[in-house]
Amino acid sequence: ESSNGSSSRRRNSTSTDTSHKSELESWMERKKRKEELKGKPPDDYDNVTTISKASKNPYRVLGISQSASPRELYGSYKRRLREAERAGGSDRAFSDVGNAYRRVKADMKRQEARRLRRRVSSQQN
């Protein structure tokens, strides 16, 4: 009886080992790809904004128009983060989306400040 119990345990552990092995292998492959990317020079980065050249237009990165509301901006930001996570979650994808969000949000704040200054100056005249 004890020999049957131990063989069934071994069988169960090998089935979990194969699934664990595939997870481990996929993790190792992801790590290897990250290491390969680390060694490459950052020639495709814009030194001023640290957003890659492929995504210089933050509105295009977020998939919104320049007339989007803050609510639409935030929704698009969250949606793009989920998409980046589903696609493998590379650090670059997250940083591109985050940088684009910060740039657009800062632009919206500047536009609002301009509107307020214009309103105040027109009321004073």
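So, here is what we can say about the structure in this document. None of the values given here were measured: they were computed from a predicted structure.

## Notes on the pattern of salt bridges
Pairing of side chains with opposite charge becomes possible as their charged atoms draw close. Enumeration over the complete set of coordinates arrives at 3 salt bridges. Across the pair Glu83 and Arg80 runs a salt bridge whose closest N-O atoms are separated by 3.3 Å. A residue pair is termed a helical-turn pair when its members lie 3 or 4 positions apart in one helix, as Glu83 and Arg80 do in helix α3 (residues 70-86) at 3 residues. Given the relative accessible area of 34%, Glu83 is considered partly exposed. Asp107 is the partner of Arg110 in a salt bridge, and the nearest nitrogen-oxygen pair spans 3.6 Å. On the criterion of helical spacing, the pair formed by Arg110 and Asp107 is a turn pair, its members being 3 residues apart in helix α4 (residues 91-124).

## Details of a nonpolar patch on the surface
Judged by side-chain polarity, Leu24, Trp27 and Met28 come together as a nonpolar surface patch covering roughly 310 Å² of accessible area. Structurally, Trp27 is set in helix α1 (residues 2-38).

## A short note on the nonpolar core
Counting residues in hydrophobic clusters, the biggest one holds 13 residues, and the most contacted among them are Leu62, Ile64, Leu73, Tyr77, Val97 and Val104. Of the residues forming this core, the biggest block, 5 residues, is contributed by α4. Not counting residues within four places of it along the chain, the set of residues in contact with Val97 comprises Val61, Leu62, Tyr77, Arg80 and Leu81.

## Focus on the environment of Lys56
Counting through the fold element by element, Lys56 comes out in the loop between α1 and α2 (58-62). In this structure the C-alpha to C-alpha distance between Lys56 and Asp96, which are 40 residues apart in sequence, comes to 9.1 Å.

About the thresholds
What you see as residue numbers is a count from 1 along each chain, following the sequence as written. Only residues with pLDDT of at least 70 get local features here, since the model is predicted, and only at 80 or more are side-chain atom pairs given and counted; chain-wide, interface and lining totals rely on the full set of residues. Note that the side-chain values use all heavy atoms of the structure and ignore hydrogens as well as water. Basic side-chain nitrogens of Lys or Arg form a salt bridge, by our definition, when they fall within 4 Å of a carboxyl oxygen of Asp or Glu. The secondary structure listing takes helices from DSSP runs of H or I that are at least 4 residues long and strands from runs of E that are at least 2 residues long, numbered from the N terminus. To sort residues, take the accessible area from a 1.4 Å probe on protein chains only and compare it with the maximum for the residue type: under 20% means buried, over 50% means exposed, and anything in between is partly exposed. Excluding any residue in a salt bridge, patches collect residues exceeding 30% relative accessible area, merging like charges within 9 Å and nonpolar Val, Leu, Ile, Met, Phe, Trp and Tyr side chains within 5 Å. Only the protein chains shown count as cover for residues, and the accessible areas themselves come from Shrake-Rupley with a 1.4 Å probe. Buried residues of nine kinds, namely Ala, Val, Leu, Ile, Met, Phe, Trp, Tyr and Cys, make up a nonpolar core once their side-chain atoms join them within 4.5 Å. Any two residues whose heavy atoms approach within 4.5 Å at even a single point are treated as in contact.

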